[in-house]
Amino acid sequence: MARIIVVTSGKGGVGKTTTSASFAAGLAKAGHKTVVIDFDVGLRNLDLIMGCERRVVYDFVNVINGDANLNQALIKDKRIDTLYVLPASQTRDKDALTQEGVRQVLEELSKSFDYIVCDSPAGIERGALLAAYHADDAIIVTNPEVSSVRDSDRIIGILSSKTRRAERNEEPITVKLLLARYAPARVQKGEMLSVEDVCEILAIDLLGVVPESKSVLSASNAGIPVILDADSDAGQAYEDAVARFLGEDRPHRFLSEKKGLLGRLFGS
Amino acid sequence: MLSTSNSAVTSLPAFELKGRMLTLSVLRLLSTDQELLSAQLDARMASMPELFRHLPVILDLEGVQGQALDLPALVSSLRQRGLIPVGVRASDGVDSADAVAAGLGIMTISNGSSRRVEPVREKPVVAAAASMVVRQPVRSGQQIYARGSDLIVLAPVSAGAEILADGHIHVYGPLRGRALAGVQGDGSARIFCQSLEAELVSIAGVYRISEHIQETGHGRPVQIYLDDEALCIQPL
C-alpha cells in the first residue's frame, strides 16, 4: 500500500507545484517508488516543472474516463528510475475529476508505488478537496505572509473534516508545515512573519523552511525539480525536508541570513 | 418538584411528574373492632351515599397504635362499600409490607407537630447541560456553536474562526477569531481567555471589534462581561 501525500495551501502561487516536484523527486531519490499527480486540471504546470511536458500523451482525465490505461499515461522520469509523473489535462476543467474515478486511479497506483504525491490546485473547491480526500499525510505550503497563513489555516481545518480518514473516523491525517520563500533578512526587518510566528499561528509540526532563492525560478524554467540542484540552498532545504519526512532528525538551516565577508568581519 | 431533565436530546415528553397539594379525606380509626367499624360505616354512608361513593381516603392508624389490626381485611371491607383507600399514613404501628400487600401507599404527612416525619428526600439531580469541550485548534473558516451550554476551547482559535455559545466561553489558547457568548440573549454569559487577540467579542449581542479592543487588554488574559448593557474587558 502506498502512502498518499497531498501538497496543498489554499492560496495560489506559494510553491505547491515546486514542492510537489521536489518532494516526489526526493522520495524517489531515496529509493522509494514514487508517482506525482497533477490535480490542477485546466492549469497544468507540474509537467513543466518536471521537464516532461513534451512527452505528455494521455493525462489523468483520460485515465478516469477510460480513454487510456495508467501505464499509457504515466511518464517515467529520465533522471530518476523510481519517479513517475501523472499529468493533468489542460483542455478540461476540474469537474472532469470524479470522486470514484480518483479513487480507482489511486487504488491502482497504490498497488505498485510506495508514495503517491498529489499536487493540489489552489482554492478550497472540488479539485483541492479531491486531491486531499484520500491523503494519509498533508504538506501545507505556506509563505511567511498573513494571507497565505490564513488560507493555510483554513485548509488545515478542511483537511481535518473533509478527508476520507476524517469521514471514516480513522486516525487523522498528519499535517506538516513547509514554509517556502523565506527571507531571513526581511524577517529581521519586520517585513515578513518569522518561522516562530507562523508555527505559533498554525500550531502544526514544521517539516522544513525553504529560503527565497533565485535557483527555484531557474530550476523551474529548466524543468528540473530544484531538489536535484544540490548546490542551491533551496535544493538543500528540500533535501532536509524529505529526510525529515522519512523520519530523520535534521536541524533546520537557512533560518538566518548568510553573512558576507564584511558582515563576518564586523559581526553585524 | 421533579421536572423533566434538561437533556438537549429529548423527543416530546410523554409525561410529567409533579408534586401537588391536594385535599384528601382521612379515615381515622379509633377502634380495631372490625364488626363495630363496619356497622358504623354503613350507618354513616346510608345517610350520605353520594358523598362516600368512590371517595379516596387515607387511613390514619395513630389512634389504634399498639392494637392488633387486620389491615388487608379492613381495606377489602372499605372497598366493598365503595370507598377507595389509597394510602396509609405513616406512623409507628404501620408495617410497610402489610400496607403494600393491601395495595396501599404509605403517606408521610407533616401536620406541623413535633412528630413530623422527616421525609426521605432523594438528592435532586440537577441536569446541568454538559459543557462542550474542544481540544483541537479551531481553524479559520470553522464555526463551533455550543447550543444550550458553555464552550471550552483548549487550543488556539484562529483568525477567521467563529466560536459561539449560549453560555460562557473559555479559551485556553490564543483567541484570534470571533467569540460570541450568550447568543440566545443571556446577558450574564462571560468570555474568559488567556490571550485576547480577537477580531470580535460579543455578549448577548453587544459586541466590540478588534480595533476597539487593542488598548484594553490585547494579548492579555481577560474576562469579558456585560455591565449594565456595556461590554467590559477586565484583565485577569
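Refer to the structure printed above.
First, a word on what this report is: a plain description of the structure on this page. A quick note: this is a predicted structure, and the numbers were derived from the prediction, not measured. (Residues numbered from 1 in each chain as written. Chains lettered and ligands numbered in written order. Predicted model: local features only at pLDDT ≥ 70, side-chain atom pairs only at ≥ 80, totals over all residues. Heavy atoms only, no water.)

Topic: the overall build of chain A
Regarding its fold elements, chain A presents 13 helices and 8 strands. Here the analysis covers contacts within chain A between residues at least 6 apart in sequence; of these, 74% occur between residues at least 24 apart. Split by element, the accessible area of chain A, about 12300 Å² in all, is 48% carbon and sulfur. (Helix = DSSP H or I, 4+ residues; strand = E, 2+ residues; numbered from the N terminus. Contact = heavy atoms within 4.5 Å. Areas by Shrake-Rupley, 256 points an atom, 1.4 Å probe, with all protein chains shown as cover.)

A short note on the interface of chain B and chain A
Taken together, the contact between chain B and chain A spans 10 residues of the former and 11 residues of the latter. Each partner contributes to the roughly 840 Å² buried at the junction of chain B and chain A, and carbon and sulfur atoms together form 40% of this total. If you look at where chain B meets chain A, you find 3 salt bridges. The partner of Glu200 of chain A in a salt bridge is Arg176 of chain B, with the nearest N and O atoms 2.6 Å apart. Linking chain B with chain A are 6 residue pairs in polar contact (both at pLDDT 80 or more). Looking at the side of chain B that touches chain A, its residues break down into 3 nonpolar, 4 polar and 3 charged. (Buried area = accessible area lost by both parts, 1.4 Å probe. Salt bridge = Lys/Arg side-chain N within 4 Å of Asp/Glu carboxyl O. Polar contact = N/O pair within 3.5 Å; in protein donor to acceptor, adjacent residues only side chain to side chain. Nonpolar A, V, L, I, M, F, W, Y, C, P; charged D, E, K, R; others polar.)

Some thoughts on the sheet that holds strand E1 (residues 25-28) of chain B
Residues and elements named next belong to chain B. Spatially, the 4 strands line up as an open sheet ordered E1-E2-E3-E4, and their pairing is parallel. The open sheet has two edge strands, E1 and strand E4 (105-107), and neither has a second partner. Within the sheet, the average angular offset between the axes of one strand and its neighbour, ignoring direction, is 40°. Looking at chain direction, E1 and strand E2 (residues 56-60) are connected through 4 bridges and run parallel. Counted as the bridge partner of Ser25 is Val57 from E2. Along the sheet face, helix H3 (residues 71-80) touches E1, E2 and strand E3 (84-89) and points at about 150° away from the line of E2. (Pairing = 2+ DSSP bridges. Axes fitted to C-alpha atoms, helices over the stretch in contact; angles between N-to-C directions.)

Some points on the packing of helix H7 (residues 146-162) of chain A against helix H10 (residues 195-202) of chain A
Residue and element names in this part refer to chain A. The N-to-C vectors of H7 and H10 enclose an angle of 30°; their axes lie 10 Å apart at closest approach. One finds that H7 runs roughly parallel with respect to H10. Pair H7 / H10 crosses with right-handed handedness. Counting all contacts with H7, which are made through Val149, Ser152, Asp153 and Ile156, the residues of H10 involved are Val198, Ile201 and Leu202. Tallied by class, the residues present in the contact of H7 with H10 amount to 5 nonpolar, 1 polar and 1 charged. (Parallel < 35°, antiparallel > 145°, perpendicular 65-115°, else oblique. Left-handed = near helix turned anticlockwise from the far one by under 90°.)

Focus: the environment of Ile169 of chain B
The topology assignment puts Ile169 of chain B in strand E9 (residues 169-175). Beyond its immediate stretch of four places on either side in the chain, Ile169 of chain B contacts Leu151, Ile163, Leu164, Ala179, Leu180, Ala181, Arg190, Ile191 and Phe192 of chain B.

Some points on the packing of helix H1 (residues 16-29) of chain A against helix H12 (residues 233-245) of chain A
All names here are of chain A. Close contact between H1 and H12 brings their axes to 9 Å; oriented N to C, the two are set at 60°. Judged on the interaxial angle alone, H12 and H1 are oblique. Viewed along their axes, H1 and H12 form a crossing whose handedness is right-handed. Contacts from Thr18, Thr19, Ser22, Phe23, Gly26, Leu27 and Lys29 in H1 reach Tyr238, Glu239, Ala241, Val242 and Phe245 in H12.

Focus on unusual backbone geometry
Glycine aside, negative phi is the norm for most residues, and most peptide bonds take the trans geometry. Residues and elements named next belong to chain A. In this model, Arg181 sits at a positive phi of 60°, which is unusual for a non-glycine residue. Structurally, Arg181 can be placed in strand E7 (residues 174-182). Residue class for Arg181 comes out partly exposed when judged on its relative accessible area of 41%. Even without a glycine there, the phi angle at Ala203 is positive, about 55°. Position of Ala203 among the secondary structure elements: in the loop between H10 and strand E8 (205-211). (Buried < 20%, exposed > 50% of the residue type's maximum accessible area, 1.4 Å probe, protein only.)

Focus: H10 of chain A
Residues and elements named next belong to chain A. Buried residues of H10: Val195, Val198 and Leu202, and no others. Buried residues along H10 cover an arc of 70° about the axis, so they all sit on one side. The inward-facing, buried residues of H10 abut strand E6 (137-142), H7, E7 and E8. (Arc of directions from axis to C-beta.)

Here we look at the sheet that holds strand E12 (residues 200-203) of chain B
The strands making up a sheet associate through hydrogen bonds between their backbones, and the pairing can be parallel or antiparallel. All names here are of chain B. Here 5 strands make up an open sheet; going across it, the order is E6-E8-E10-E12-E13 and the pairing mixed. Each of the sheet's edge strands pairs with one partner strand only, and the pair in question is strand E6 (143-146) and strand E13 (206-209). When the angles between neighbouring strand axes are averaged without regard to direction, this sheet yields 10°. Sheet analysis places strand E8 (residues 162-165) next to strand E10 (residues 178-181), joined by 4 bridges and oriented parallel. Bridge pairing links Glu162 to Arg178 in E10.

Thoughts on a nonpolar patch on the surface
Together, Leu24, Ile84 and Val86 of chain B line one region of the surface with nonpolar side chains, adding up to about 200 Å² of accessible area. Tracing the chain through its elements places Leu24 of chain B in the segment before E1. (Patch = residues over 30% accessible without salt bridge, like charges linked within 9 Å, V, L, I, M, F, W, Y side chains within 5 Å.)

Concerning the nonpolar core
Membership of the largest hydrophobic core comes to 50 residues, with the highest contact counts inside it found for Leu86 and Leu109 of chain A. Listed in part, the 36 residues of the second largest apolar core include Val14, Ala28, Ile80 and Ala234 of chain A. (Core = buried A, V, L, I, M, F, W, Y, C linked by side-chain atoms within 4.5 Å.)

Section: the environment of Asp81 of chain A
Summarising the element assignment, Asp81 of chain A is placed in the loop between strand E3 (75-76) and strand E4 (83-86). Taking the C-alpha atoms as reference, Asp81 of chain A lies 8.5 Å from Lys29 of chain A; in sequence the two are 52 residues apart.

Nothing here speaks to function; it is geometry throughout.
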